[in-house]
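# Results of the structural survey
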Amino acid sequence: TQLLEQSPQFLSIQEGENLTVYCNSSSVFSSLQWYRQEPGEGPVLLVTVVTGGEVKKLKRLTFQFGDARKDSSLHITAAQPGDTGLYLCAGPGGGADGLTFGKGTHLIIQP
Amino acid sequence: NAGVTQTPKFQVLKTGQSMTLQCAQDMNHNSMYWYRQDPGMGLRLIYYSASEGTTDKGEVPNGYNVSRLNKREFSLRLESAAPSQTSVYFCASSRTGGEGNTIYFGEGSWLTVV
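Rules used in this analysis
Residues numbered from 1 in each chain as written. Chains lettered and ligands numbered in written order. Predicted model: local features only at pLDDT ≥ 70, side-chain atom pairs only at ≥ 80, totals over all residues. Heavy atoms only, no water. Buried < 20%, exposed > 50% of the residue type's maximum accessible area, 1.4 Å probe, protein only. Helix = DSSP H or I, 4+ residues; strand = E, 2+ residues; numbered from the N terminus. Pairing = 2+ DSSP bridges. Contact = heavy atoms within 4.5 Å. Buried area = accessible area lost by both parts, 1.4 Å probe. Salt bridge = Lys/Arg side-chain N within 4 Å of Asp/Glu carboxyl O. Polar contact = N/O pair within 3.5 Å; in protein donor to acceptor, adjacent residues only side chain to side chain. Nonpolar A, V, L, I, M, F, W, Y, C, P; charged D, E, K, R; others polar.

## With respect to the pairing of strand 11 (residues 105-110) of chain A
Residue and element names in this part refer to chain A.
- Burial of the side chains of strand 11 is restricted to one face: T105, L107 and I109 are buried, whereas none of H106, I108 and Q110 on the reverse face is.
- The pairing of strand 2 (residues 10-14) with strand 11 spans five bridges and is classified as parallel. What sits directly across from S12, in strand 11, is I108.
- Where strand 9 (residues 85-92) lies against strand 11, three bridges are found, and the strand directions are antiparallel. Residue pairing in the sheet places G85 in a bridge with L107 of strand 11.

## A look at the interface of chain A and chain B
- The interface of chain A with chain B comprises 23 residues on the first partner and 25 residues on the second.
- Carbon and sulfur atoms supply 55% of the area that chain A and chain B bury against each other, a total of about 1,700 Å² over both sides.
- Scanning the region where chain A abuts chain B turns up zero salt bridges.
- The tally of links between chain A and chain B comes to four residue pairs in polar contact (both at pLDDT 80 or more).
- If you list the elements that add at least two residues to the side of chain A that touches chain B, you get strand 4 (32-37), strand 5 (44-49), strand 9 and strand 10 (99-101) of chain A.
- Broken down by class, the residue content of the side of chain A that touches chain B amounts to nine nonpolar, 11 polar and three charged.

Structure below.
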């Protein structure tokens, strides 16, 4: 099973600040996905990146796939309390089907 | 828009008891999954089903059995619950398996084994 390491594990910042969270692996992934999970709910897909060096933007969220396809980052500009949640990266694996997930970054944005 | 529905939402079991978690999806998806989520361990795949009539083990299948009853429904059974199975269980589905495919999750089932 290919491992995905996420950092930091926990992050608490003030509203309006910028932040970056990371997803790293020693293995090459053909694609990576980012999910966001709110308390009491299941994860929801934010984005899929498939090309090395790819950058995708979703409003204030910017996702980047590393050139070597071993890592990805999520940058949030001007964070808002609504961004609070658990951010998970995931890649193919965990069996012949399905996804393997990182352990996630718990993000808290304080008003 | 029901999506993926799983029941029950909460359950407390005594060690040794059995129970079945039910899951149904209304998106006509071929692939269905059961994950468990534990603090510090992340989401781990228990079993999956790539199509009706097929099931395969994931990363942590011991102590569980599954049934793909039809295309819509995928159940997870604990035959003799153990405290180590205390967890949050998520059912999920996708149109097909494979990379880049969107997986849709249910809201989770909180299971406590005492």
